[in-house]
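One letter stands for each residue in the lines below.
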Amino acid sequence: MSVAVTDNTKKVTTLRLIEMKQRGEKISMLTAYDYSMAKLIDEAGMDVILVGDSASNVMAGNATTLPITLDQMIYHGRSVVNAVKRALVVVDMPFGTYQGNPILALESAVRMMKETGADCLKLEGGAEIRESVEKILSAGIPVMGHLGLTPQSINKFGTFGVRAKEEAEAEKLVRDAHLLEELGCCSVVLEKIPAVLGERVAKELAIPVIGIGAGGHVDGQVLVMQDMLGITEGFSPKFLRRYANLGEEIRCAVQSYIKDVKAQDFPNEKESY
Ligand code: KIV
């Protein structure tokens, strides 16, 4: 497959995402956490690259996203930004850096923007984090919201199950989505909610609604890169489509290398100085 991005390909902006929604063009979004993978994903033509705090799970092996720190997210964010020419780069604000304290939120957000060079920050929650969102936006920093299954609240939920199945939670989600739009957020991620609710929010909001397990009638889709490439194994939620089986391919390649080393087949004459 060819490289879709050249040096003069126009950079994706938050404004361009809104124009894409207006045109009915779906937005593609995928996570990345390091330079090499971000470069490949950007060259493939991805619209948005999310430096998700899922790095805590897929890069560091933690059970939840809670342990990852601001410094660690800055390291991942900078590595991705160094690779990307076209995609909009969004970085997750980690747990404990913005909730309940707008001044702390602004300080964390400013560090994130200065030290990563990212285009936008993503925060989890609605009315509960209103003041923090307002404060960050007041500094001219674009904010993407995240509602539904918000993994930083996993200890409150007690389960990774589908959110907002009951009317009260669904109505709160709709109110929160409208609030985020009114505050000035540039888009919202909806995670693991009924498809009809995703469709309703996407129809009611003017800003793009990007889903992960929110059905096909939202404005775009996001997946965790290791999940869709088949690197994480034994994790198969209903919303996940696997586009490759890299886990198996990597194991096979590594086993071939081990075999060649043991058999003294590697390096050969041509591979030696
Ligand atoms: O951290 C992450 O990867 C995310 C996506 C699942 C949306 O927030």
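Everything below is about the structure printed above this text.
My aim in this report is to walk through the structure given alongside it, one point at a time. Everything numeric here is computed off the predicted structure, so don't read it as measured data. (Residues numbered from 1 in each chain as written. Predicted model: local features only at pLDDT ≥ 70, side-chain atom pairs only at ≥ 80, totals over all residues. Heavy atoms only, no water.)

A few points about the pattern of salt bridges
Step number 1: Applying the stated criterion across every chain yields a total of 17 salt bridges.
Step number 2: Glu134 serves as the salt-bridge partner of Arg130, at 3.5 Å between the closest nitrogen and oxygen. Placement of the pair is Arg130 and Glu134 together in helix H6 (residues 130–138), with a separation of four residues, close to one helical turn.
Step number 3: For Glu134, a relative accessible area of 32% puts it in the partly exposed group.
Step number 4: Counted as one network, the salt bridges with shared partners bring together Asp71, Arg111 and Glu115. (Salt bridge = Lys/Arg side-chain N within 4 Å of Asp/Glu carboxyl O. Helix = DSSP H or I, 4+ residues; strand = E, 2+ residues; numbered from the N terminus. Buried < 20%, exposed > 50% of the residue type's maximum accessible area, 1.4 Å probe, protein only.)

Topic: the packing of H6 against helix H8 (residues 167–183)
The relative placement of two packed helices comes down to the angle between their axes together with the axis-to-axis distance.
Step number 1: Running from N to C, H6 and H8 cross one another at 25°; their axes reach a closest spacing of 10 Å. Between H6 and H8, the angle is such that the two are roughly parallel. For the pair H6 and H8, the sense of crossing is right-handed. Where H6 approaches H8, its residues Arg130, Val133, Glu134 and Leu137 are matched on the opposing element by Leu179, Leu180 and Leu183. (Axes fitted to C-alpha atoms, helices over the stretch in contact; angles between N-to-C directions. Parallel < 35°, antiparallel > 145°, perpendicular 65-115°, else oblique. Left-handed = near helix turned anticlockwise from the far one by under 90°. Contact = heavy atoms within 4.5 Å.)

Some words on the site of the ligand
Step number 1: Close to the ligand lie Thr31, Leu50, Gly52, Asp53, Ser54, Asp92, Lys122, His146, Glu191, Ile212 and Val224, which account for all nearby residues.
Step number 2: In the model, an oxygen atom of the ligand is placed 3.1 Å from a nitrogen or oxygen of the Asp92 side chain.
Step number 3: Coverage of the ligand by the protein chains reaches 95% of its 260 Å² of free accessible surface.
Step number 4: Considered class by class, the residues forming the shell around the ligand number three nonpolar, four polar and four charged. (Near = heavy atom within 4 Å. Polar contact = N/O pair within 3.5 Å; in protein donor to acceptor, adjacent residues only side chain to side chain. Areas by Shrake-Rupley, 256 points an atom, 1.4 Å probe, with all protein chains shown as cover. Nonpolar A, V, L, I, M, F, W, Y, C, P; charged D, E, K, R; others polar.)

So, the side chain of Ser79
Step number 1: Along the chain, Ser79 turns up in helix H4 (residues 70–81).
Step number 2: From its side chain, Ser79 meets the backbone oxygen of Tyr75 in a polar contact 2.7 Å long.
Step number 3: Each residue touching Ser79, except ones within four places of it in the same chain, is listed here: Tyr33, Asp34 and Tyr35.

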